[in-house]
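Survey of secondary and tertiary structure
Here are the chains, one letter per residue:
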Amino acid sequence: MRGKNLHVPRFRCLGAAFLLMLGTGKVLVPTVPLKNGAEMQRLALGLYNVPRDQVKAVVDAGLAAGLRHFDSASFYNNEARLVQWKILLVPAEVECGEALKSWMASGHDRSEIFVTTKVWTTDLVDPESACRSAEISIEELDIGPVDLVMVHWPMPSKHVEAYVALEKLVRSGKAKGLGISNYSPADYEELMKVATIEPLVNTFENNPLLYRKEWCDYFQEKGLIVQAYKPLQRGGPVLESPAVMDIAKKAGKTPAQVCLRWNLDKGNAVVFKSLTPARIQENVDVFDFGLSAEELAQLDALTTPEVMEEAQRHWEKRRCGTPAPWGEGKRPRRQEISS
């Protein structure tokens, strides 16, 4: 590697070796140990807005590339499907579970995969609704206990009670661990005054054009795994940044690979989304190079005060509640709506 970051958590790969080769020649992604004893891959394939008819193909492509970590949520696209003249609500988590079960039926074990789900703001109205939503996700995935359940946004006056309610899923064995999503240090401190099961992971947007350094440093110091989402801004301006493109050219890598490597070199796990098998494989091929301290500093400097202010406004708006794909109310179960 060309660069080395000395201030990162201890990471491993599945198995004893640093890189475990699959029979296909693919490389399994390095993992990080969680406080509950589990191992979580440093890269996750996100299922946000993946068209329902493409979920299986995307999951299969991720598995083929060596990914075993899949990031889902109740919010991630819930559309009606007409089946035998009846309209059914079919969450994307159903298709995800079906794809993973098919893969396991081919000779793989449930312990090889790590699956996250999240509870949306419309289900934070009361603790019972939060727990109910998570249980629906677990039922729809249908792969046994889910590895991680997260509160999707720290909704003021709601998120603490919701999180505490979710703790019973861990005690009952329906979930293996809990996490938080989009939590600021202040939200975390509010939560930890009451919570009895510590969150293992906090996931929030983080990329070279929106580097939340204070948050990353804070949560790493607290022993949580920081997991970055929108590492490529969903194909946004970060990929066309001259600094990113220059570093990519020198490294013989793509701008996307440089952005992913930047987060990894910061000690973070990363969630990315792609519908294309070639892009999924490209995004996995980021463990054979590193960024120098100078290159990291160049990319750090791309975040401006204006961008941080805009991100703060978006964060404040989002955490106060956003309608879900099913509307304003509580999450429905997979059921008949009308004919």
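Only a predicted model underlies this, so the values are computations on that prediction, with no experimental measurement involved. Numbering of residues starts from 1 in each chain and follows the order in which that chain's sequence is written. Local features in this predicted model are restricted to residues whose pLDDT is 70 or higher, and side-chain atom pairs enter the listing and the counts only when it is 80 or higher, whereas totals over whole chains, interfaces and linings include all residues. Remark: hydrogens and water are excluded; side-chain values derive from all non-hydrogen atoms of the structure.

**Looking at the packing of aromatic side chains**
The following threshold applies: Pairing of aromatic rings covers Phe, Tyr and the six-membered ring of Trp, with a centre-to-centre limit of 6.5 Å; geometry is then stacked below 30 degrees between planes, edge-to-face above 60, and tilted otherwise. Helix numbering and strand numbering both begin at the N terminus, where a helix is a DSSP run of H or I of at least 4 residues and a strand a DSSP run of E of at least 2. In this scheme, a residue with accessible area under 20% of its type's maximum is buried, one over 50% is exposed, and one in between is partly exposed, where area comes from a 1.4 Å probe on protein chains only. Any Lys NZ or Arg CZ that is within 6 Å of a ring centre and within 35 degrees of that ring's normal is treated as a charge sitting over the ring.
All chains considered together, the criterion is met by seven aromatic pairs. Centroid distance phenylalanine 204 to phenylalanine 219: 6.3 Å. Interplanar angle 45°. Geometry classified as tilted. With phenylalanine 204 in strand S10 (residues 201–205) and phenylalanine 219 in helix H6 (residues 213–221), this pair connects stretches of sequence that are 15 residues apart. Grouping residues by exposure puts phenylalanine 204 and phenylalanine 219 together as buried. Ring geometry for tyrosine 218 versus phenylalanine 219: centroids 5.0 Å apart, planes at 90°, classification edge-to-face. Each member of the pair, tyrosine 218 as well as phenylalanine 219, carries the same accessibility label: buried. Joined through ring pairs, the aromatic side chains of Tyr188, Phe204, Trp215, Tyr218, Phe219 and Trp315 make up one cluster. Its guanidinium or amino end placed over the ring of tryptophan 215, arginine 212 lies 4.8 Å from that ring's centre, counting from NZ or CZ.

**Observations concerning the pattern of salt bridges**
Side-chain pairs of opposite charge can arise whenever the charged atoms involved come near each other. Condition: Each reported salt bridge corresponds to a side-chain nitrogen of Lys or Arg within 4 Å of a carboxyl oxygen of Asp or Glu.
A complete count under the given rule lists 20 salt bridges for this structure. Residues glutamate 205 and lysine 230 are paired through a salt bridge, measuring 3.7 Å at the closest nitrogen-oxygen approach. Of this pair, glutamate 205 sits in strand S10 while lysine 230 is found in the loop between strand S11 (225–229) and helix H7 (242–251), placing the two residues 25 residues apart along the sequence. Residue classification places glutamate 205 among the buried residues on the basis of a relative accessible area of 12%. With its nearest N and O atoms 2.9 Å apart, the salt bridge here joins lysine 253 to aspartate 288. Taken together, the residues span a long stretch of sequence, with lysine 253 in the loop between H7 and helix H8 (255–265) and aspartate 288 in the loop between helix H9 (277–284) and helix H10 (293–300) at a distance of 35 residues. Given the relative accessible area of 17%, lysine 253 is considered buried.

**Regarding the packing of helix H4 (residues 159–172) against helix H5 (residues 185–192)**
Between two packed helices, what matters for the description is the angle formed by their axes and the separation of those axes. Put simply, the rule reads: Here the axes come from fitting lines to C-alpha atoms, over the contacting stretch only for helices, and the angles between their N-to-C directions go from 0 to 180 degrees. Each angle gets one of four labels, with under 35 degrees taken as roughly parallel, over 145 as roughly antiparallel, 65 to 115 as roughly perpendicular, and the rest as oblique. With the far helix as reference, a near helix turned anticlockwise by less than a right angle produces a left-handed crossing, and one turned clockwise produces a right-handed crossing. Any two residues whose heavy atoms approach within 4.5 Å are treated as being in contact. Put simply, Ala, Val, Leu, Ile, Met, Phe, Trp, Tyr, Cys and Pro go in the nonpolar bin, Asp, Glu, Lys and Arg in the charged bin, and everything else, Gly too, in the polar bin.
Viewed as axis vectors pointing N to C, H4 and H5 meet at an angle of 55°, and their least axial separation amounts to 9 Å. In terms of their interaxial angle, H4 and H5 are classed as oblique. In the crossing of H4 with H5, the sense of the turn from one axis to the other is right-handed. Contact residues: His159, Val160 and Tyr163 in H4; Asp187, Glu190 and Leu191 in H5. Residue composition of the contact of H4 with H5, by class: three nonpolar, one polar and two charged.

**Details of the layout of surface pockets**
Spelled out, the test is: A pocket here means an open set of points on a 1 Å grid, computed over the protein atoms alone, that has protein on both sides within 12 Å along at least five of seven lines. A cavity is instead a set of points where a 1.4 Å probe fits but cannot get out; residues with an atom within 4 Å of a point line either one. Grid points are joined across faces, edges and corners, and a volume is the space filled by probe spheres set on the points.
Looking at the largest pocket, its volume works out to about 940 Å³. Around the largest pocket, the lining is made up of 45 residues, and of these Tyr48, Tyr229, Lys230, Gln233 and Arg234 lie nearest the centre. When residues of the lining of the largest pocket are traced back to their parent elements, those giving at least two are S10, H8, strand S12 (269–272), H9 and helix H11 (305–319). With six residues, the single largest contributor to the lining of the largest pocket is H11.

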